Amino acid sequence: MSKLIWILHGPNLNLLGTREPGVYGSTTLSQINEDLERYGLDRGIKVDSFQTNHEGALVDRIQSAGPAGVDFIVINPAAFTHTSVAIRDALAAVAVPFVEVHLSNIHRREAFRRHSYFSDLAVGVIAGLGPAGYRLALDYAITTVEADKAAQG
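Everything quoted here is computed from the prediction, not taken from an experiment.

Criteria and thresholds
- Residues numbered from 1 in each chain as written.
- Predicted model: local features only at pLDDT ≥ 70, side-chain atom pairs only at ≥ 80, totals over all residues.
- Heavy atoms only, no water.
- Phe/Tyr/Trp six-rings, centres within 6.5 Å; stacked < 30°, edge-to-face > 60°.
- Helix = DSSP H or I, 4+ residues; strand = E, 2+ residues; numbered from the N terminus.
- Buried < 20%, exposed > 50% of the residue type's maximum accessible area, 1.4 Å probe, protein only.
- Lys NZ or Arg CZ within 6 Å of the ring centre and 35° of its normal.
- Core = buried A, V, L, I, M, F, W, Y, C linked by side-chain atoms within 4.5 Å.
- Contact = heavy atoms within 4.5 Å.

Peer 1: Looking at this model, I keep getting lost on the packing of aromatic side chains. Mind explaining?
Peer 2: Each pair of aromatic rings is reported with the distance of its centres and the angle of its planes. Enumeration over the complete set of coordinates arrives at one aromatic pair. Between Phe72 and Tyr140 the ring centres are 6.0 Å apart and the planes differ by 70 degrees, which places this aromatic pair in the edge-to-face class. On the criterion of sequence distance, the pair formed by Phe72 in strand β3 (residues 72-76) and Tyr140 in helix α6 (residues 131-152) is long-range, its members being 68 residues apart. Classification of Tyr140 by relative accessible area gives partly exposed; the value is 40%. The residue whose ring lies beneath Arg43 is Tyr39, and the NZ or CZ to ring-centre distance is 3.5 Å. Just above the ring of Trp6 sits the side chain of Arg61; from NZ or CZ to the centre is 4.1 Å.

Here's what the structure looks like:
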């Protein structure tokens, strides 16, 4: 059976590479996605990436994880981290394990960015490591998926 990991990106991440490079770096979202998809493929894992600026589209995508056969999610909810009970409820409802990722260290930024609606549901949280945080989260996801696969025989 083929394993599937989703990488989900929230609002404004489509602007990576040009948006506040001092905070978010110069790597584009396309570069991040290509790296993650190639990394997964090299390990025999399908990695699909999705970005949206719309809360409902992200909720719809998460709700479709079960029927799509998603084994693990890596999500950067971006600004929705601090505002979206709807996305939190969708993640709780599908019960697919996930890692929350943030390019910047949200704990060193404005006070309102220090609260996440997702962290208590997440398997783990990675913040402040730039694009490398996505790779670390994917590495963990792959290890987890492979361990589950081995346990199933």
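Picking up where we left off.
Peer 1: Would you mind showing me how to read the nonpolar core here?
Peer 2: Burial of nonpolar side chains together is a common tendency in soluble globular proteins. Ile5, Ile7, Leu36, Val74, Tyr134 and Leu138 are the most contacted members of the largest nonpolar core, which has 23 residues in total. Of all the elements in the fold, those that place two or more residues in this core are β1 (3-9), α2 (29-42), β2 (45-51), β3, β4 (98-102) and α6. The element that contributes the greatest number of residues to this core is α6, accounting for six residues. With residues near it in sequence (within four places) discarded, Tyr134 still touches Ile7, His9, Leu13, Ile32, Leu36, Val74, Asn76, Val101 and Leu103. Core analysis: the second largest hydrophobic core is formed by 18 residues, Trp6, Leu8, Leu58 and Val70 among them.

Peer 1: Would you mind showing me how to read unusual backbone geometry here?
Peer 2: We note that Asn12 has phi near 75 degrees; this positive angle belongs to a residue other than glycine. On the accessibility criterion, Asn12 (33% relative accessible area) is partly exposed. A positive phi angle is found at Ala95, which is not glycine, with a value near 55 degrees. Relative to the elements of secondary structure, Ala95 occurs in the loop between α5 (85-94) and β4. Overall, the relative accessible area of 61% leaves Ala95 in the exposed class.

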